[in-house]
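This is what each chain is made of:
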Amino acid sequence: MVANLRRGNAHLILERVQEGIEGSWYIQVLLRDDNTYQFEFRDGVAAEHYQTRTISQEKILTALLGWAAGKADWRGEFMWNNIGSEFEI
């Protein structure tokens, strides 16, 4: 699915739903017009929303699979910026 992303608005979102627990847990990737991947994740609440960019499809795929498998080290290959303030009301 990552290999089939096209520039523009094409994106991929994986969401973790846990019944009885409030919040949003997801990871998403967008292939931008400049051929970089915009990669984000949210860890329950808006204040815990992070973003990074990379040119490496391989790193994106490894991180997506790690996140889906619940591995603790899936985000270690990136420098993350907290963008949670952009989502506060």
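The coordinates are above.
First things first, this report covers the structure right here in the doc.

What counts and how
- Residues numbered from 1 in each chain as written.
- Predicted model: local features only at pLDDT ≥ 70, side-chain atom pairs only at ≥ 80, totals over all residues.
- Heavy atoms only, no water.
- 1 Å grid on protein atoms, 1.4 Å probe; cavity = no way out; pocket = protein on both sides within 12 Å on 5 of 7 lines; lining within 4 Å.
- Points joined across faces, edges and corners; volume = space filled by probe spheres on them.
- Nonpolar A, V, L, I, M, F, W, Y, C, P; charged D, E, K, R; others polar.
- Core = buried A, V, L, I, M, F, W, Y, C linked by side-chain atoms within 4.5 Å.
- Buried < 20%, exposed > 50% of the residue type's maximum accessible area, 1.4 Å probe, protein only.
- Helix = DSSP H or I, 4+ residues; strand = E, 2+ residues; numbered from the N terminus.
- Contact = heavy atoms within 4.5 Å.
- Polar contact = N/O pair within 3.5 Å; in protein donor to acceptor, adjacent residues only side chain to side chain.
- Salt bridge = Lys/Arg side-chain N within 4 Å of Asp/Glu carboxyl O.

Details of the layout of surface pockets
So, point 1. When its volume is computed, the largest pocket comes out at roughly 160 Å³.
So, point 2. What lines the largest pocket is simply E58, K59, T62, A63, L65, G66, K71, D73, W74, G76 and E77.
So, point 3. Counted by class, the lining of the largest pocket contains three nonpolar, three polar and five charged residues.

Comments concerning the nonpolar core
For soluble globular proteins, the rule of thumb is that nonpolar side chains tend to be buried together.
So, point 1. If you look at the biggest cluster of nonpolar residues, it comprises 17 residues, and the most contacted ones within it are V29, F39, I60, L64 and W74.
So, point 2. Put simply, the parts of the chain that give this core at least two residues each are β2 (24-31), β3 (37-44) and α1 (57-69).
So, point 3. At four residues, the largest contribution of residues to this core is made by α1.
So, point 4. When residues no more than four places from it in sequence are discounted, the contact partners of F39 are I27, Q28, V29, Y50, Q51, T52, I60, A63, L64, W74, F78 and W80.

Some remarks on the side chain of Q38
So, point 1. In this fold, Q38 is placed in strand β3.
So, point 2. We classify Q38 as buried; its relative accessible area is 14%.
So, point 3. A polar side-chain atom of Q38 sits 2.5 Å from a polar atom in the side chain of R32.
So, point 4. At 2.7 Å, the side chain of Q38 forms a polar contact with the side chain of E40.
So, point 5. Leaving out residues up to four positions away in the same chain, Q38 has contacts with Q28, V29, L30, R32, Q51, T52 and R53.

Some points on the pattern of salt bridges
Close approach of charged atoms allows side chains with opposite charge to pair.
So, point 1. With the rule as written, the count across this model stands at two salt bridges.
So, point 2. For the salt bridge of D34 with R53, the shortest nitrogen-to-oxygen distance reads 2.7 Å. Remark: R53 occurs in strand β4 (residues 49-54) and D34 occurs in the loop between β2 and β3; sequence separation between them is 19 residues.
So, point 3. The residue E77 makes a salt bridge to K59 at a minimum N-O spacing of 4.0 Å. Of this pair, E77 sits in the loop between α1 and β5 (81-82) while K59 sits in helix α1, and the two are 18 residues apart along the sequence.
So, point 4. Given a relative accessible area of 56%, E77 falls into the exposed group.

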